[in-house]
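Structural overview for review
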Amino acid sequence: MASTLFSRTRTRTEPEVITEPWPEIGETWKPEGVTVAERYANLVGTVVLVYNADSCYHVIACLGCHYLASTDNNRSYDTRYGLKDASKAANEHASICRALPRDIPARPDEHAARARLHTWVVAMSRRDEDRRLHLSDFDSGRLILQRTNEWIETELRSFAAGRPDVLTATPSEYSPSFDYKVLRLAS
Ligand SMILES: [Zn+2]
C-alpha cells in the first residue's frame, strides 16, 4: 500500500540522513564522526572544508590538494584552530589552491580503519615519554577514518587490552569515560 511507504517512520538503527546542499558547491558529503562547519569552493570547484570532531578545535582540509591544518601558524606554537580563524584560513586556501577537485575519500572498511588507528597510536608511542591520549589527537585523521568517537574509544580499549605495552585505558575518576595513555615504546 502506498500510504505505508510514506508514513514509515525511521527506526533507531537507520542512520539519520540530512541533506544540507550548498547549491553553489553541490557538495553534501557527511563523513561519520565529523561535523562539517563550513565549506569553501574556488573557481575550479575545489572544496575546502572546516570541520570539528571531538572538540571545539577545528581542522581545515582541502579536498583538492592535500592541505590539512589543525594548528594556527599565525599564533603561538601549537595553537589549535577556533572556528573564526579556521574559516579565514580555509577561505584563503580556497582562493590560492590550484588543485582540481579530487574524489572525496571512501569510507574504509572495519579492518582498514582499525589498522589505521593502531598505526597512529603506535606512532605516538615513539616519543621520549608516556603521554596522555585525547580523542582530539586524531582530529586531523577523521576524514580518513570516518568513524564515531564511540567507535574510536571501543577500539582504543580493545587495543589497550591486546597491547598493554603501548596503550593503557583506565576508567576515569571524574567522568564515565576512560583515560588513555600512550606509553613510550621500549627500544
Ligand atoms: Zn588545496
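Structural data are supplied above this passage.
This text gives an overview of the structure that appears in the document. Because the structure is predicted, anything quoted here is derived from the model rather than measured. (Residues numbered from 1 in each chain as written. Predicted model: local features only at pLDDT ≥ 70, side-chain atom pairs only at ≥ 80, totals over all residues.)

1. Some remarks on the overall build of the chain
As a reminder of what qualifies: Numbering of helices and strands starts at the N terminus; helices are DSSP runs of H or I of at least 4 residues and strands are runs of E of at least 2. Any residue with 12 or fewer other C-beta atoms within 10 Å of its own C-beta is exposed, any with 20 or more is buried, and the rest are partly exposed; the C-beta atoms used are placed from the backbone. Two residues qualify as a contact pair if the distance between their C-beta atoms, derived from the backbone, is within 7 Å.
In terms of regular secondary structure, the chain is built from five helices and seven strands. Reading the chain from its N terminus to its C terminus gives the helix and strand order α-β-β-β-β-α-α-β-α-α-β-β. Buried positions account for 21% of the 187 residues belonging to the chain. Sequence separation of 24 or more characterises 55% of the internal contacts of the chain that already satisfy a separation of 6 or more.

2. As for the sheet that holds strand β1 (residues 35-41)
What counts is decided by this rule: Two strands are said to pair when DSSP picks up at least two bridges between them.
Reading across the sheet, the four strands line up as β1-β2-β3-β4 and stay open at both edges, with antiparallel pairing between neighbours. Looking at the sheet topology across the chains shown, the edges are occupied by β1 and β4 (68-69). Judged from the six bridges that link them, β1 and strand β2 (residues 47-52) form a sheet pairing that is antiparallel. Bridge assignment links E38 to a residue of β2, and that residue is V50.

3. Remarks on the sheet that holds strand β7 (residues 178-182)
Note the threshold: Helix axes use the C-alpha atoms of the stretch in contact, all axes being lines fitted to C-alpha atoms, and the angles between their N-to-C directions lie in the range 0 to 180 degrees.
Reading across from one edge, β5-β7-β6 is the order of the three strands in this open sheet, with antiparallel pairing throughout. Edge strands, defined here as strands with exactly one partner in the open sheet, are β5 (131-133) and β6 (167-171). Across the sheet, the axes of successive neighbouring strands diverge by a mean angle of 30 degrees, strand direction being ignored. Its contacts with the sheet place helix α5 (residues 149-162) against β6 and β7, and it is angled at close to 115 degrees to β6.

4. Quick notes on the environment of L183
Secondary-structure assignment places L183 in the segment after β7. As a C-alpha pair, L183 and V122 span 61 residues in sequence and 9.2 Å in three-dimensional space. Beyond its immediate sequence surroundings of up to four residues, L183 is in contact with S125, D130, D165, V166, L167 and T168.

5. Focus: the pairing of β7
Pairing analysis gives three bridges linking β5 to β7, with the strands arranged antiparallel. The residue of β7 that forms the bridge with R131 is V182. Inspection of the sheet shows β6 paired to β7 by five bridges, in the antiparallel sense. Bridge pairing in β7 places T170 opposite D179. Between β6 and β7, which pair antiparallel one after the other, the connecting turn spans six residues.

6. Regarding the environment of V166
With respect to the secondary-structure elements, V166 resides in the loop between α5 and β6. Measuring from C-alpha to C-alpha, the distance between V166 and D130 comes to 9.4 Å, with 36 residues separating the pair along the chain. With sequence-adjacent residues up to four places away left out, V166 is seen in contact with V121, V122, S125, V182, L183 and L185.

7. Here we look at α5
We apply this condition: In this analysis, the expected span of each helix is defined as 1.5 Å times one less than the number of residues it contains. In this description, the arc belongs to the directions extending from the helix axis to the C-beta atoms.
Helix length check: α5 (14 residues) gives 20 Å between terminal C-alpha atoms against 20 Å at 1.5 Å per residue, within 8%. When α5 is considered as a whole, its buried residues turn out to be I152, L156 and A160. With its buried residues spanning 70 degrees around the axis, α5 presents them on a single face. Exposed side chains of α5 directed beyond 90 degrees from the buried face belong to E150, T154, A161 and G162. Next to the buried residues of α5 lie α3 (110-124), β6 and β7.

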